[in-house]
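A structural walkthrough
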Amino acid sequence: MKLKTIYFFLSFCIIFSCISCKKIKKTDAEIERENWISGFTDSIDYYQERSRQLQSRLDLVNTKIGGMLDNFELVKNPREVSGYYLVKGWQKKLPFTTTGIYARINENEKFEMIATLGGATFNQVSVGSFNSEVVPHDQAFNFRHERFNSVYFIGGKIDTIAEYISTYHQDKIKLEYLEQGKVKKNFEIPKDEKDMISQTWNLYSAKREALTLEKELWISSHKIDTFRRILEEENQRQNSKNNK
């Protein structure tokens, strides 16, 4: 009698264990769904941390820009279409009545350099191994007045030259004035011009970094919202399925 009871008890335990295992074991589809959801959750965590880092960096850059702007003024010249940001104290030195070069940031947040040459004409400048764009004579971006020729430069190539001047502004820097590829004049950039170009480039670089950070923040926020929406829709779909 005792043996039968023991046998029955063992049989019951084995059957119960099998049933329990069957209930606990997940299907491939369930495992795949959990991994899929886990992937989205991990992505949300990643972009939330990324957003915190970006915001922290953006706050620092904006503080830096605020300090830099104290050294600049917005100049509105009635003879020009838009205003521009110029290092304080330089407005009274312009326009140049001698050979030289200076920098400014226009109201569209574009970096510009204006070079002037006395006694000759030119359409391009060069520093070290870097050449600017060629700006044809048009009395707009390349204009001549009496014995002076002034040229406005804007774009990637002049940005490279400005960055070079900013990096090495403590050293002697030679500026070449060119026309049709021929050197019209070699000019050693004075210290005050190098310093103002450096200040202007640093402000422009900081503003450009702030714009990049703002864009990356927007992308991170958009991805977080997208992942959350997908998870919400998936949970609603799963709940609807379970309630059937």
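For the structure itself, consult the block above.
As a starting point, this report considers the structure included with it. (Residues numbered from 1 in each chain as written. Predicted model: local features only at pLDDT ≥ 70, side-chain atom pairs only at ≥ 80, totals over all residues. Heavy atoms only, no water.)

Along its length, the protein carries four helices and 10 strands. Per-residue burial for the protein yields a buried fraction of 35% across its 244 residues. Contacts spanning at least 24 positions in sequence make up 61% of the contacts within the protein whose residues lie at least 6 apart. (Helix = DSSP H or I, 4+ residues; strand = E, 2+ residues; numbered from the N terminus. Buried < 20%, exposed > 50% of the residue type's maximum accessible area, 1.4 Å probe, protein only. Contact = heavy atoms within 4.5 Å.)

Turning our eyes to something else, we now look at the sheet that holds strand E8 (residues 148-154). Strand order in the open sheet made by the six strands is E1-E2-E3-E4-E8-E7, with antiparallel pairing throughout. Of all strands in the sheet, those with a lone pairing partner are strand E1 (72-75) and strand E7 (142-145), marking the two edges. Along the sheet, successive strands turn relative to each other by an average axial angle of 30 degrees, direction set aside. Judged from the four bridges that link them, E1 and strand E2 (residues 84-87) form a sheet pairing that is antiparallel. Within E2, the residue paired with Glu73 across the bridge is Leu86. Along the sheet, helix H3 (residues 156-167) makes contact with strand E4 (111-118) and E8, crossing E4 at roughly 85 degrees. (Pairing = 2+ DSSP bridges. Axes fitted to C-alpha atoms, helices over the stretch in contact; angles between N-to-C directions.)

Let's shift gears to the layout of surface pockets. In this approach a probe as big as a water molecule rolls over the atoms, and the regions it shows empty are the leftover space. Each pocket or cavity is described by its volume, and for the largest pocket that value is around 920 Å³. For the largest pocket, the lining is made up of 31 residues, of which Asn77, Glu80, Arg104, Phe143 and Tyr152 are closest to its centre. Sorting the residues of the lining of the largest pocket by element identifies strand E3 (100-106), E4, E7 and E8 as the ones contributing at least two each. At five residues, the largest contribution of residues to the lining of the largest pocket is made by E8. Here the lining of the largest pocket is built from residues that sort into 14 nonpolar, 11 polar and six charged. (1 Å grid on protein atoms, 1.4 Å probe; cavity = no way out; pocket = protein on both sides within 12 Å on 5 of 7 lines; lining within 4 Å. Points joined across faces, edges and corners; volume = space filled by probe spheres on them. Nonpolar A, V, L, I, M, F, W, Y, C, P; charged D, E, K, R; others polar.)

Our next topic: the sheet that holds strand E9 (residues 174-179). Strand pairing within a sheet occurs via backbone hydrogen bonds; the two strands may be parallel or antiparallel. Pairing is antiparallel in the open sheet, where four strands are placed in the order E6-E5-E9-E10. A strand with exactly one partner marks an edge of an open sheet, and here the two such strands are strand E6 (130-131) and strand E10 (182-188). The sheet contact formed by strand E5 (residues 124-127) and E6 spans two bridges and is antiparallel. Note on E6: the bridge partner recorded for Val127 is Phe130.

Quick look at the pairing of E5 now. Side-chain alternation along E5 places Gln124 and Ser126 on one buried face and Val125 and Val127 on a second face that is also buried. One ladder, built from four bridges, connects E5 with E9; its direction is antiparallel. Residue pairing across strands places Gln124 opposite Leu178, the latter belonging to E9. Count of turn residues in the E5/E6 antiparallel hairpin: two residues, of which Gly128 carries a positive phi of about 60 degrees.

With that settled, the discussion passes to the packing of aromatic side chains. Taken as a whole and assessed by the stated rule, the structure comprises 12 aromatic pairs. Seen in terms of ring centroids, Tyr46 and Tyr47 are 4.9 Å apart; in terms of plane orientation they differ by 80 degrees. Their pairing is edge-to-face. Among the aromatic side chains, those forming a connected cluster through ring pairs are Tyr46, Tyr47 and Phe227. A cation over a ring is seen here: Lys93 above Trp90, with NZ or CZ 4.1 Å from the ring centre. The ring of Tyr84 is capped by Arg104, whose NZ or CZ atom sits 3.9 Å from the centre of that ring. (Phe/Tyr/Trp six-rings, centres within 6.5 Å; stacked < 30°, edge-to-face > 60°. Lys NZ or Arg CZ within 6 Å of the ring centre and 35° of its normal.)

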